[in-house]
Amino acid sequence: MAVDGLTELPTCAFCLERMDEAANGVLTILCNHSFHSACLEQWGDSSCPVCRYFQTPQMAEEQACFQCGMSSDDLWLCLICGNIGCGRYSEKHAFVHFQETQHTYALNVKTRRVWDYVGDGYVHRLIQGSGADKVVEYNHAGAGNIDEKMESVTLEYTYLLTTQLESQRHYYEERMEDVRRAAEEECLHLRTDLEALRIASGDTTDTVGLQQKQLAQLLKDKESLEKKYQQATVRLVKLSKDLQSEKQLNSILETNQNDYRQLVDKLRKEKEDAVTACEKEIADLREQLADLMYHMETGDRIAVLPDAARQDIEGGRILSQDKPVEESLSGSAKKANQRRRNR
């Protein structure tokens, strides 16, 4: 069980031995994993042997701010999460990232110098090898001032990372506490609303019963309306069929009417022709009758005359104004014979 105010000694991931802060050769890298410096020198690259986190980020050829996309020499890389932002003399996105996440240390992409936002100054005691570009302890086997300086730098660097991680822990604990309080307040509001809804539901029981009765009545009305609708639909189908048959019958009647109209026009024309022929024939008959009546009157008049005069008349010729009577009589007879032949 952990004791307040005390910190458990870390364990080297290589040799699995505990490391004392006062011991020489203990190194804690950026990802908060601690190793003996002699053990870390045996590792082949600059990544962490436990989590493979690169202690020296691999810089791309063209770096840009994650927020505004600006490419310049005033870019800062967060050593905690790797965020790249522009400096405080541009858009201040690196400083805004510190205010939002409380990540204290940022590396200048161009100069490789580390800035401490809490201390508001540069940190010049980070350990980095010049050949393999990895975090190492310089001359750990040597003695004298170099070893003491390296030991003090290691301890100071470890202290800086520990304090940074501790501030991060407090920051996230405060965030969790704020979230918990907000959740409790939300639960309280929800309980209050639930209680109000329960009270309101007790008052609306009668209303619900009345609405259910109205709903039942509406359902009955709906069924009756559906039946009427079905009957109306059947009637509509029947009327549609009757209308279609009426249309067909009307079309047939119109066709017959046109035929009858043509036939009537034909009969009327034939009647007119027959009337014209009859009138012409009546006129001829009237002429023949007039000739016949004249002939009979003449014969009666001759019959009344004495024999001597009758013989003279029969043996002679009677002339009219233009032509003889016999020729006139013979002309009338010829016309009558011609009409009889035409019939």
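Residues numbered from 1 in each chain as written. Predicted model: local features only at pLDDT ≥ 70, side-chain atom pairs only at ≥ 80, totals over all residues. Heavy atoms only, no water.

Participant: Tell me what's going on with the side chain of Thr-101, and back it up with residues and numbers.
Facilitator: The residue Thr-101 is located in helix H2 (residues 93-101) in this model. Not counting residues within four places of it along the chain, the set of residues in contact with Thr-101 comprises Gln-168 and Tyr-171. (Helix = DSSP H or I, 4+ residues; strand = E, 2+ residues; numbered from the N terminus. Contact = heavy atoms within 4.5 Å.)

Participant: I'd like a description of the pattern of salt bridges, backed by residues and values.
Facilitator: Scanning the model with the defined rule gives 7 salt bridges in all. When the shortest N-O distance is used, the salt bridge between Arg-169 and Glu-166 registers 2.1 Å. With Arg-169 and Glu-166 both in helix H3 (residues 145-203) and 3 residues apart, this pair spans about one turn of that helix. The partly exposed category is assigned to Arg-169, whose relative accessible area is 38%. Among the salt bridges present, the one from Arg-268 reaches Asp-265, with a minimum N-O distance of 3.1 Å. Of this pair, Arg-268 and Asp-265 both sit in helix H4 (residues 205-304), 3 residues apart, which is roughly one turn of that helix. Classification of Asp-265 by relative accessible area gives partly exposed; the value is 41%. Three or more residues are tied together by salt bridges with common partners; here these are Glu-177, Arg-180, Arg-181 and Glu-184. (Salt bridge = Lys/Arg side-chain N within 4 Å of Asp/Glu carboxyl O. Buried < 20%, exposed > 50% of the residue type's maximum accessible area, 1.4 Å probe, protein only.)

Participant: Now, about the pairing of strand E5 (residues 105-108): what can you tell me, with residues and values included?
Facilitator: Residues of E5 alternate between two faces, with Tyr-105 and Leu-107 on one and Ala-106 and Asn-108 on the opposite face, all of them buried. Sheet topology note: the E5/strand E6 (residues 114-116) ladder contains 3 bridges and is antiparallel. From the neighbouring strand, Leu-107 faces E6, where its bridge partner is Val-114. Between E5 and E6, which pair antiparallel one after the other, the connecting turn spans 5 residues, and Arg-112 there sits at a positive phi close to 60 degrees. (Pairing = 2+ DSSP bridges.)

Participant: How would you explain H2 if you had to name every residue and give the values?
Facilitator: Listed as buried for H2 are His-93, Ala-94, His-97, Phe-98 and Thr-101. With its buried residues spanning 150 degrees around the axis, H2 presents them on a single face. (Arc of directions from axis to C-beta.)

Participant: An account of the sheet that holds strand E7 (residues 121-123) is requested, with residue identities and associated values reported.
Facilitator: Pairing in this open sheet of 5 strands is antiparallel, and the strands run E4-E3-E5-E6-E7 from one edge to the other. Single-partner strands in this sheet number two, and they are strand E4 (84-86) and E7. Going from strand to strand, the sheet's axes swing by 40 degrees on average, the running direction of each strand aside. Taken together, the 3 bridges between E6 and E7 define a ladder with antiparallel strand orientation. Paired with Val-114 across the two strands is Val-123, which belongs to E7. This element, H2, spans strand E3 (75-78) and E4 of the sheet and lies at about 125 degrees to E4. (Axes fitted to C-alpha atoms, helices over the stretch in contact; angles between N-to-C directions.)

Participant: Break down the nonpolar core for me, citing the residues and quoting the values.
Facilitator: If you look at the biggest cluster of nonpolar residues, it comprises 12 residues: Cys-65, Leu-75, Leu-77, Leu-79, Ile-84, Cys-86, Tyr-105, Leu-107, Val-109, Val-114, Val-123 and Leu-160. Secondary-structure elements contributing two or more residues to this core are E3, E4 and E5. When near neighbours in sequence (up to four residues on either side) are disregarded, Cys-86 contacts Cys-65, Cys-68, Met-70, Asp-74, Leu-75, Trp-76, Glu-91, Lys-92, His-93 and Ala-94. (Core = buried A, V, L, I, M, F, W, Y, C linked by side-chain atoms within 4.5 Å.)

Participant: With reference to specific residues and values, describe the packing of aromatic side chains.
Facilitator: Taken as a whole, this structure holds 6 aromatic pairs when the rule is applied. On the numbers, 5.9 Å between centres and 45 degrees between planes, the contact of Phe-95 with Phe-98 is tilted. Here Phe-95 and its partner Phe-98 are both found in helix H2, 3 residues apart, which amounts to about one turn of the helix. What makes Phe-95 partly exposed here is its relative accessible area of 27%. Look at Phe-98 and you get buried, because its relative accessible area is 10%. Each ring, one from Trp-115 and one from Tyr-122, has its centre 4.9 Å from the other, and the planes form 85 degrees; the classification is edge-to-face. Looking at Tyr-122, the relative accessible area reads 36%, which means it is partly exposed. In this structure an aromatic cluster arises from ring pairing among Trp-76, Trp-115 and Tyr-122. The ring of Tyr-122 is capped by Arg-113, whose NZ or CZ atom sits 4.0 Å from the centre of that ring. (Phe/Tyr/Trp six-rings, centres within 6.5 Å; stacked < 30°, edge-to-face > 60°. Lys NZ or Arg CZ within 6 Å of the ring centre and 35° of its normal.)

Participant: Before we move on, could you go through unusual backbone geometry and cite the residues and values that matter?
Facilitator: One non-glycine residue, Gln-102, lies in positive phi territory at about 60 degrees. Tracing the backbone through its elements, the reader meets Gln-102 in the loop between H2 and E5. In this structure, Asp-120 takes a positive phi of about 55 degrees despite not being glycine. Structurally, Asp-120 is set in the loop between E6 and E7.

Participant: I'd like to hear about the environment of Asn-108, residue by residue, with values.
Facilitator: Assignment of secondary structure puts Asn-108 in strand E5. The exposure class assigned to Asn-108 is buried, which follows from its relative accessible area of 7%. Separated by 31 residues in sequence, Asn-108 and Leu-77 have C-alpha atoms that sit 6.3 Å apart. Apart from residues lying up to four places away in sequence, Asn-108 is in contact with Asp-73, Leu-75, Trp-76 and Arg-113. In terms of polar contacts, Asn-108 uses its side chain to reach the backbone amide nitrogen of Lys-110, at 2.9 Å. (Polar contact = N/O pair within 3.5 Å; in protein donor to acceptor, adjacent residues only side chain to side chain.)

Participant: Could you give me a rundown of the state of the cysteines, with the residues and numbers involved?
Facilitator: Enumeration according to the criterion identifies 0 disulfides in this entry. No disulfide involves Cys-86; its sulfur sits 4.0 Å from that of Cys-65, the nearest cysteine. (Disulfide = S-S within 2.5 Å.)

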